[in-house]
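Topology and contacts: notes
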Amino acid sequence: MKKLKLNHITLALCLGMSVNAQADWFGDLIDIIIDPIPNPIPEDSYARAYLDAATQSGYESSNSQAVTRLETVAGESGELTFAVFNVKGFPEALDGISDAEAKELTQTYINNSGWDIIGLQENWVRNSAIVDGLNRSQYPYMSDHYQGSTSTYGDGLSTISKYPFISRQERVEYNDCQGTFTELALGQTNSPDCQADKGFTLTQINIHQDLVIHFYNTHMDTDRGTVKQNQFDQLEEYINRVSINVPVVVMGDFNAAISAGYSQDFVDALGLTWGCEAVAEGNYNKENRCSGVDHIAFKGNDQFQFEVLTEQEIEQNISDHDPLVTKLRWTNHYYYTPSPWDRDRKLTAKTLGLYNTTHNTYVAANNSGGDNMVNHSRSSMGTWETFTLKLKENINNNKMCIQHNDKVTLQTTNGHYVRADNDGDLDATASIDNTWEVFTLKNHTDTSGCLADGDQISLLSTHNKYVAAESDGSMTNNRDNAYTWETFTVK
């Protein structure tokens, strides 16, 4: 990270002394440089801030419930409430909140809020107190806390949720930053952003079996120029690569108004919508809020559409940021309402695993899609082994469900499609479903009813070849007939 070498030397000198000696030494240093600093922070604050960083490093468990996947399928519609909460959780030496205030913040403003998913920013050194105050029956899921290195504080980003995570949270540090403690002490910067490991996290949150949201939480630098542009570009590139055709919610402290050019370019490039712009008239003072720095943006996909119902700030007296709370409604376009003479619920998409009973293995897309490798080496069903089977063409328009001889596609959790090449290989790199991504489903269990768990199926590609699970764990598309290696159980 930029300009950390001087900070490391300073920290090493501090840590080589006793606490009292450190304070005395740092006081002498401050005496030398204090005159040119307007309104300086108290003399020993920098030393104590360094010590706070040095005593916490690496990952700390937040005692979350285990990663899991829900079995309930999404209905016709539903609502989700998201909260953006910058908690001012840096050391008290730098005017941050105390442990008691952090615990009160959780107990007073989060536990009984009714919020479904919460993204915290600036949760640097107060995570233990926040966890202690959290009602775990209300919020059983919380990301592990990244505490940084011996000279940084970590990214300060935490995700709290009523809904389970389906994989460990991914964290990405921004490549560019501006400002260190030394530069702050010398009056050369207004904010030591480089000391904070600022970046973003991705948490895959399982609302229903077929509704997984890619939830991004970010804290950007205070810079308003090239650094901020580079951070927006890095976040945009990551979302565009990892979250193809997946519902996305991006929130956090952007340290920017959405009217800024890089803010608008960011949502335009990804097809996102800023919540404060989309909120219904009368629910929110859009003119004032859209000029703030804490925001939420969102987009749906082919199956789920999002719209804003309300957006508001919640007044509180602990942090300098009031939480921004946004309620979204999702609508399931793949949900079919049956006619009076057809009471069974019918779906045009199904989340499933494909299990080959001969080899006792699940079909898997490496890295959940976007990779050339499709195999069947797994004995259990996880993220890589989960697909969405989508109806592409129905043979009987009066039966709105997936059935024998329908045309279907197979989509990974990262939004890529399984593709059958004309040379007999399979991959999961396609971002759109063209001809080679379409298969004819053969239901050997039920040739007239709707696809159900436990059915034995085969997939016939557009090349008129069946998908097969080979004895070496690979997958091919080169069979003229469907026997045991070409048949899979729907899980």
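Just so it is clear, the structure is predicted and the values come from calculations on it, not from any experiment.

Phi is positive for Asn 63, close to 60°, though the residue is something other than glycine. One can find Asn 63 in the loop between β1 (59-60) and β2 (77-89). Positive phi outside glycine occurs at Lys 88, with the angle close to 60°. With respect to the helices and strands, Lys 88 occurs in strand β2. The class for Lys 88 is buried, based on a relative accessible area of 15%.

With mixed pairing, 6 strands are arranged side by side in an open sheet as β4-β6-β3-β2-β14-β13. The open sheet terminates on both sides in strands that have one partner only, identified here as β4 (141-142) and β13 (304-313). Taken together, the 6 bridges between β2 and strand β3 (residues 117-123) define a ladder with parallel strand orientation. Within β3, the residue paired with Phe 85 across the bridge is Leu 120. In the packing of helix α4 (residues 99-110) onto the sheet, the strands contacted are β2 and β3, and the crossing angle to β2 comes to about 155°.

Position of Glu 122 among the secondary structure elements: in strand β3. According to the relative accessible area criterion, Glu 122 is buried, its value standing at 10%. Distance in space between the C-alpha atoms of Glu 122 and Lys 198 is 9.5 Å, their sequence separation being 76 residues. At 3.3 Å, the side chain of Glu 122 and the side chain of Asn 86 are in polar contact.

Here we take up the confidence of the model for the chain. With 80% of its residues at a pLDDT of 70 or more, the chain has an overall mean of 82. Counting interchain partners and residues more than four positions distant, the pLDDT-below-50 stretch residues 1-51 has 75 contacts. Low pLDDT, under 50, characterises residues 339-345; the stretch is placed with 8 contacts to residues that sit more than four places away or in other chains.

So, on to the pairing of strand β19 (residues 361-365). Among the 5 residues that make up β19, 5 are buried, leaving the element largely enclosed by the rest of the structure. Both strand β18 (residues 354-356) and β19 contribute to a ladder of 2 bridges, which runs antiparallel. Residue pairing in the sheet places Asn 356 in a bridge with Thr 361 of β19. Counting the residues that bridge the hairpin from β18 to β19 gives 4 residues, and of these Asn 360 lies at a positive phi of roughly 60°. Bridge count for β19 against strand β20 (residues 374-378) is 3 bridges, and the pairing is antiparallel. Its bridge partner lying in β20, Tyr 362 is registered against Arg 378.

Scoring rules and cut-offs
- Residues numbered from 1 in each chain as written.
- Predicted model: local features only at pLDDT ≥ 70, side-chain atom pairs only at ≥ 80, totals over all residues.
- Heavy atoms only, no water.
- Helix = DSSP H or I, 4+ residues; strand = E, 2+ residues; numbered from the N terminus.
- Buried < 20%, exposed > 50% of the residue type's maximum accessible area, 1.4 Å probe, protein only.
- Pairing = 2+ DSSP bridges.
- Contact = heavy atoms within 4.5 Å.
- Axes fitted to C-alpha atoms, helices over the stretch in contact; angles between N-to-C directions.
- Polar contact = N/O pair within 3.5 Å; in protein donor to acceptor, adjacent residues only side chain to side chain.
- pLDDT = per-residue confidence, 0-100.

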